[in-house]
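Observations on chain architecture
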Amino acid sequence: MTADVLDRPDVAADRERVLVTLTVADQLCGIPVLSVRDILGVQSITRIPLAPPEIAGSLNLRGRIVTAIDLRERLHLPPAAAGTPRMSVVAEQGGELYALLVDQISEVMSLRASAFEHNPPTLPQPWAQFSSGIFRLENRLLVVLDVSKLLAFSEPA
């Protein structure tokens, strides 16, 4: 389809957003499936001295060093209980791989693009800063995380 066809309201309403769903501190989130390079179970993470708190450390993925980002810390949430297993969603940015540490990875969901909404004003600031919008599901709110914003670390002053 060409861009002009996709801009027509009757066609745009039928488009779907495909997301990998995950949970961070009991909040259902989604990451566009095209942003996901890999899904990992519990991994051994090596702490990096002097790294910012959001950087949990690094891990080895088939011979490549991957920086692990703790989404709880990045979203200003309380840490997971000690010993709680964490899973990872691997994404790529600027030729580098990053593992986003999450509490649980659920399923791949296809949602109608027409149901996508901008962030509501009541969404807490840390979530709104890293979210591109939301989907209202039957009994839950799904926050769509923007991977490029999650991985954009500002340079130290």
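Just so it is clear, the structure is predicted and the values come from calculations on it, not from any experiment.

1. What about the pattern of salt bridges?
- One pass over the full model with this rule turns up six salt bridges.
- Between Asp38 and Arg62 there is a salt bridge whose closest N-O contact spans 2.5 Å. One end of the pair, Asp38, is in strand E3 (residues 36–40); the other, Arg62, is in the loop between strand E4 (55–61) and strand E5 (64–70), and 24 residues separate them in sequence.
- For Glu117, the salt bridge goes to Arg136, with nearest N and O atoms at 3.0 Å. Note that Glu117 is positioned in strand E9 (residues 116–117) and Arg136 in strand E10 (residues 131–136), a separation of 19 residues in sequence.
- Taking the relative accessible area as the measure of exposure, Arg136 reaches 53% and is therefore exposed.

2. Remarks on the environment of Leu19
- As for its placement among the helices and strands, Leu19 is situated in strand E1 (residues 16–24).
- The spatial distance from the C-alpha of Leu19 to the C-alpha of Ser35 is 9.2 Å, given a sequence separation of 16 residues.

3. Focus on unusual backbone geometry
- Within the chain, Leu50 stands out as a residue other than glycine whose phi angle is a positive 65 degrees.
- For Leu50, the position within the fold is in the loop between E3 and E4.
- The phi dihedral of Arg62 falls on the positive side, at around 50 degrees, and the residue is not glycine.
- Arg62 sits in the exposed class, given a relative accessible area of 68%.

4. Side note on the sheet that holds strand E11 (residues 141–145)
- Spatial strand order, E8-E1-E2-E11-E10-E9: six strands in an open sheet with mixed pairing. In this open sheet, the two strands that pair with only one neighbour each are strand E8 (104–112) and E9.

5. As for the pairing of E11
- Among the five residues that make up E11, four are buried, leaving the element largely enclosed by the rest of the structure.
- Both E10 and E11 contribute to a ladder of five bridges, which runs antiparallel. When the sheet's bridge partners are listed, Ile134 is paired in E11 with Val143.
- Hairpin connection, E10 to E11: the antiparallel pair is bridged by four residues.

6. What about the pairing of strand E2 (residues 27–32)?
- Examined bridge by bridge, E1 and E2 share six bridges and lie antiparallel to one another. Residue pairing in the sheet places Val20 in a bridge with Ile31 of E2.
- Taking the residues between adjacent antiparallel strands as the criterion, E1 and E2 are bridged by two residues, where Ala25 takes a positive phi near 50 degrees.
- For E2 and E11, the ladder comprises two bridges, and the chain directions are parallel.

7. Focus on the sheet that holds E5
- Reading across the sheet, the five strands line up as E3-E6-E7-E5-E4 and stay open at both edges, with mixed pairing between neighbours. Both edges of this open sheet fall to E3 and E4, since each of them pairs with a single strand only. Looking at each pair of strands side by side, their axes are set apart by 30 degrees on average, direction ignored.
- Here E5 runs beside strand E7 (residues 96–102); their pairing, made up of four bridges, is parallel. Residue pairing for E7: Thr67 is matched across the bridge by Tyr98.

8. As for the packing of aromatic side chains
- Tallying each qualifying case throughout the model produces one aromatic pair.
- Over the ring of Phe116 we find Arg17, and its NZ or CZ is 3.9 Å from the ring centre.

Basis of the calculations
Residues numbered from 1 in each chain as written. Predicted model: local features only at pLDDT ≥ 70, side-chain atom pairs only at ≥ 80, totals over all residues. Heavy atoms only, no water. Salt bridge = Lys/Arg side-chain N within 4 Å of Asp/Glu carboxyl O. Helix = DSSP H or I, 4+ residues; strand = E, 2+ residues; numbered from the N terminus. Buried < 20%, exposed > 50% of the residue type's maximum accessible area, 1.4 Å probe, protein only. Pairing = 2+ DSSP bridges. Axes fitted to C-alpha atoms, helices over the stretch in contact; angles between N-to-C directions. Phe/Tyr/Trp six-rings, centres within 6.5 Å; stacked < 30°, edge-to-face > 60°. Lys NZ or Arg CZ within 6 Å of the ring centre and 35° of its normal.

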